[in-house]
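One letter stands for each residue in the lines below.
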Amino acid sequence: MRIIIIGISTSAEYLINYFEKKHHDIVVIDKKIEKIEAITNQYSVSAVCGSGASREVLQRAKVEYADYVITLTSVDEINILAASMAKNMGCKYVIASLERRDLVNDIEFIKKEFKIDNIINQNYLLSNTIVSQICYNVAKKVSFFWDEKLILSEITISSNSVFLNKRLMDIKPFLEVEFLIIGVVRNNELLVPKGDFILKEKDTIGILTTNDKMSILFSKLDLIHNPLKSIVLVGGGSLGESILIKLLKTNLKISILDSNLNKCKYLLQKYPNINVICANASDINSYKDLAITDKTAVVSTTGKDDINLLSSIIAKNYGASEMISIVETRSYEEVLKGNALTIAISTPQVIAQSILEIIYYNSNHFNGSHYYAFDNLILKTFEFVVLDDFKYINKNIKDIKFKSGLLVGAIKRNDKIIIPSGNDLLLKDDILFVLSQNNENIEKIDDICI
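Remember, predicted model here, so these are calculated numbers, not experimental data. (Residues numbered from 1 in each chain as written. Predicted model: local features only at pLDDT ≥ 70, side-chain atom pairs only at ≥ 80, totals over all residues. Heavy atoms only, no water.)

The six strands are arranged 14-13-12-15-16-17 in an open sheet whose pairing can be described as parallel. Each end of this open sheet is capped by a strand with a single partner; those strands are strand 14 (275-278) and strand 17 (342-346). When strand polarity is set aside, the average angle formed by the axes of neighbouring strands in this sheet is 15°. (Pairing = 2+ DSSP bridges. Helix = DSSP H or I, 4+ residues; strand = E, 2+ residues; numbered from the N terminus. Axes fitted to C-alpha atoms, helices over the stretch in contact; angles between N-to-C directions.)

Structure follows, in structure tokens:
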């Protein structure tokens with residue numbers, strides 16, 4: 001595929017890193033020559049320096065031959081104009097990123113009038129991710145599949161973890177809970193572990209289990225926090241308000257801390273039942289009136305990574321049970337990941353994951369798949385139905401010769417979800433949940449086998 005990305009950002013870099021590994025033809029457009037030089041020195045991409053909303057620049061990028069144009073600049077109007085021009089000049093499919101609430105409220109109108117195929121809203125994606133994380137306040141990240149009956153959680157192995165220096169084959173009998181470790185990230189490399197794999201400190205692992213087993217498992221791992229009673233949102237901007245709107249449906253006591261007086265007045269007038277504190281997020285004394293306890297989660301959405309990091313540290317000192325920080329840069333993400341009580345949600349990673357799903361659904365590949373951002377890497381998941389003609393029907397999983405990097409994570413059998421072992425049989429009409437590290441060309445169930 002030929003893919004043009006307008007606006008070099010961390011989100012763009014996530015996408016470029018992925019597309020390059022898949023040997024796609026990538027073109028980047030940006031007005032700043034230093035960004036162009038940095039990205040072309042690091043990746044095998046073509047580049048055009050200039051505005052993505054310029055017809056002449058789009059012509060130089062040969063937009064008429066593009067399968068996808070993705071606009072990721074920091075200016076919503078540029079993203080709309082660039083995407084619209086690219087579509088009218090012959091690009092097959094265009095995706096625009098929008099952030100401003102007044103524009104987001106008119107997404108369907110903008111798509112129709114400007115002929116934009118898809119629009120992603122950063123705040124919508126992030127607020128959904130954060131609220132899900134708050135409601136399941138365990139681990140570093142929680143994702144849901146099969147109507148939330150199947151849960152994939154990430155944890156980082158600490159110095160006192162029960163997983164430390166253990167072989168995978170020894171862990172499950174010890175914990176006596178059905179679960180599966182689907183991958184390990186060590187030194188930024190994704191590994192698909194086997195039974196003799198030994199877990200080390202600072203490894204990030206993905207744990208797949210069912211909803212009914214999750215609380216038991218995390219209780220045994222000492223990862224269950226006290227049930228939350230209150231939420232503190234540090235930052236009352238558009239993202240903070242998006243999260244607030246979703247949290248109003250819960251029984252949690254909500255407080256917002258923001259330094260902008262006009263913004264605080266607006267929030268207090270529109271949401272009279274919440275506690276609004278107008279103060280500086282970097283001032284430790286600002287947190288005294290927030291009544292933070294060990295049943296409080298603090299969510300930092302100031303738009304500045306350094307302030308979010310500092311806010312997490314202050315909240316921890318006040319005894320908060322959970323800190324969630326939005327991060328824009330990888331350096332701060334790594335720092336926050338080192339804090340055992342802080343959950344770092346990467347804005348660029350969430351955006352990149354959403355764009356990858358859009359592109360994959362609109363390509364000519366099998367559409368029963370999703371992308372999952374695991375740590376700093378991307379996994380793909382597939383769902384397949386076991387039909388009569390599958391050559392391994394009624395066989396044990398251990399007897400199936402899977403392609404390298406593939407793992408059957410779960411089986412849905414009628415209303416029951418099974419976390420499989422090697423001795424589980426595959427039966428007719430079973431639905432398989434398959435995870436893939438590096439297999440792109442999978443369209444049917446037979447493609448997962450050698």
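And the narrative resumes.
So, on to unusual backbone geometry. One non-glycine residue, Trp146, lies in positive phi territory at about 50°. Structurally, the position occupied by Trp146 is in the loop between strand 7 (141-145) and strand 8 (150-156). Trp146 gets classed as buried once you look at its relative accessible area, which sits at 8%. One non-glycine residue, Lys202, lies in the positive phi region at around 80°. According to the relative accessible area criterion, Lys202 is exposed, its value standing at 68%. (Buried < 20%, exposed > 50% of the residue type's maximum accessible area, 1.4 Å probe, protein only.)

Further remarks concern the packing of aromatic side chains. Taken as a whole, this structure holds eight aromatic pairs when the rule is applied. Ring geometry for Phe145 and Phe433: centres 4.9 Å apart, planes at 55°, overall tilted. Of this pair, Phe145 sits in strand 7 while Phe433 sits in strand 22 (residues 431-436), and the two are 288 residues apart along the sequence. Neither Phe145 nor Phe433 differs from the other in exposure class; each is buried. Ring plane angle 65° and centroid distance 5.7 Å describe the contact between Trp146 and Phe433, whose orientation is recorded as edge-to-face. With Trp146 in the loop between strand 7 and strand 8 and Phe433 in strand 22, this pair connects stretches of sequence that are 287 residues apart. Each residue in the set Phe145, Trp146 and Phe433 is aromatic and connected to the rest through ring pairs, giving one cluster. A cation over an aromatic ring shows up here: Lys166 above the ring of Phe174, its NZ or CZ 5.9 Å from the ring centre. Of note, Lys172 hangs over the ring of Phe179, and the distance from its end group to the ring centre comes to 5.9 Å. (Phe/Tyr/Trp six-rings, centres within 6.5 Å; stacked < 30°, edge-to-face > 60°. Lys NZ or Arg CZ within 6 Å of the ring centre and 35° of its normal.)

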